[in-house]
Amino acid sequence: MLEIARYRNGMAMLAGAVNVITTDGPRGKAGFTATAVCTVTDQPPTLLVCMNRSSYAHPFFVDNGVLCVNLLAAAQQELSGVFANREIPMDERFARTHWSTLETGSPAFAEALVSFDCRIVQVQEIGSHTIFFCEVLDMQQSDAKPGLVYFNRGYHHLAADKAA
C-alpha cells in the first residue's frame, strides 16, 4: 500500500484553482477554502466539491443542501487564508468582504472570478471526505484577472492568456 506521506507529496504537484465554498440555509451560514473542485458535465451543468467530514462546516453544507463555489483571483489570496483558518469565527470570515446572493441564497463573493451557485444533488462519502455533486443553477462572472492556484504547497498567480 502506498504511504500517506508519499501520496501527499505527489498530490502537492497537482495544481488546483483556489475557491471559497459557501452555504446558507436552515443550518446557517458557513464557508471553507478548497482546491478539490472540478467540472463533471455541462448537461446539466454539474461540478463536484470535496470536503473533509471532520470540518466544523461539514454539517452546514449537508443540511443546507446548497453551496456557491467562488473562484478566487490572485489579489484575493488573503480571503483564502481567512476561510482556511479554523480560529476565525464564521461571522468574522464573512464580515471581511462584500457578499451578495444568487438563486440558492448561498453567499456569492462579488469580486470572484466566477461564482457558481449550486444545489447539491448527490452526496458520496469516501475515506475521510464527502463528495458533493452540485447542479449549477446560476453564476456570475467578473472581468478576467490573474487567477489564484495552489501548487507545491504554495500560492501562485496564473495570468489569463489574451490570445485571439
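Residues numbered from 1 in each chain as written. Predicted model: local features only at pLDDT ≥ 70, side-chain atom pairs only at ≥ 80, totals over all residues. Heavy atoms only, no water.

### Here's the deal with the layout of surface pockets
- Considered as a void within the structure, the largest pocket measures approximately 1600 Å³ in volume.
- Looking at the lining of the largest pocket, the elements that each hand over two or more residues are α1 (4-11), β3 (30-34), β5 (45-52), α3 (77-84), α4 (90-95) and β11 (147-151).
- Grouping the amino acids of the lining of the largest pocket by side-chain chemistry returns 23 nonpolar, 11 polar and 5 charged. (1 Å grid on protein atoms, 1.4 Å probe; cavity = no way out; pocket = protein on both sides within 12 Å on 5 of 7 lines; lining within 4 Å. Points joined across faces, edges and corners; volume = space filled by probe spheres on them. Helix = DSSP H or I, 4+ residues; strand = E, 2+ residues; numbered from the N terminus. Nonpolar A, V, L, I, M, F, W, Y, C, P; charged D, E, K, R; others polar.)

### Re the pattern of salt bridges
- One pass over the full model with this rule turns up 4 salt bridges.
- Between arginine 27 and aspartate 63 there is a salt bridge, with its nearest N and O atoms 2.5 Å apart. Here arginine 27 is found in the loop between β2 (19-23) and β3, whereas its partner aspartate 63 is found in helix α2 (residues 58-64), with 36 residues between them in sequence.
- The partner of arginine 96 in a salt bridge is glutamate 92, with the nearest N and O atoms 2.8 Å apart.
- Assessed through its relative accessible area of 42%, arginine 96 is described here as partly exposed.
- Taking relative accessible area as the criterion, glutamate 92 reaches 35% and is therefore assigned partly exposed. (Salt bridge = Lys/Arg side-chain N within 4 Å of Asp/Glu carboxyl O. Buried < 20%, exposed > 50% of the residue type's maximum accessible area, 1.4 Å probe, protein only.)

### Structural notes on the sheet that holds strand β12 (residues 154-158)
- Read from one edge to the other, the open sheet built from 3 strands follows the order β1-β11-β12, with strand pairing classed as antiparallel. Only two strands of the sheet have a single neighbouring strand rather than two, namely β1 (16-17) and β12. (Pairing = 2+ DSSP bridges.)

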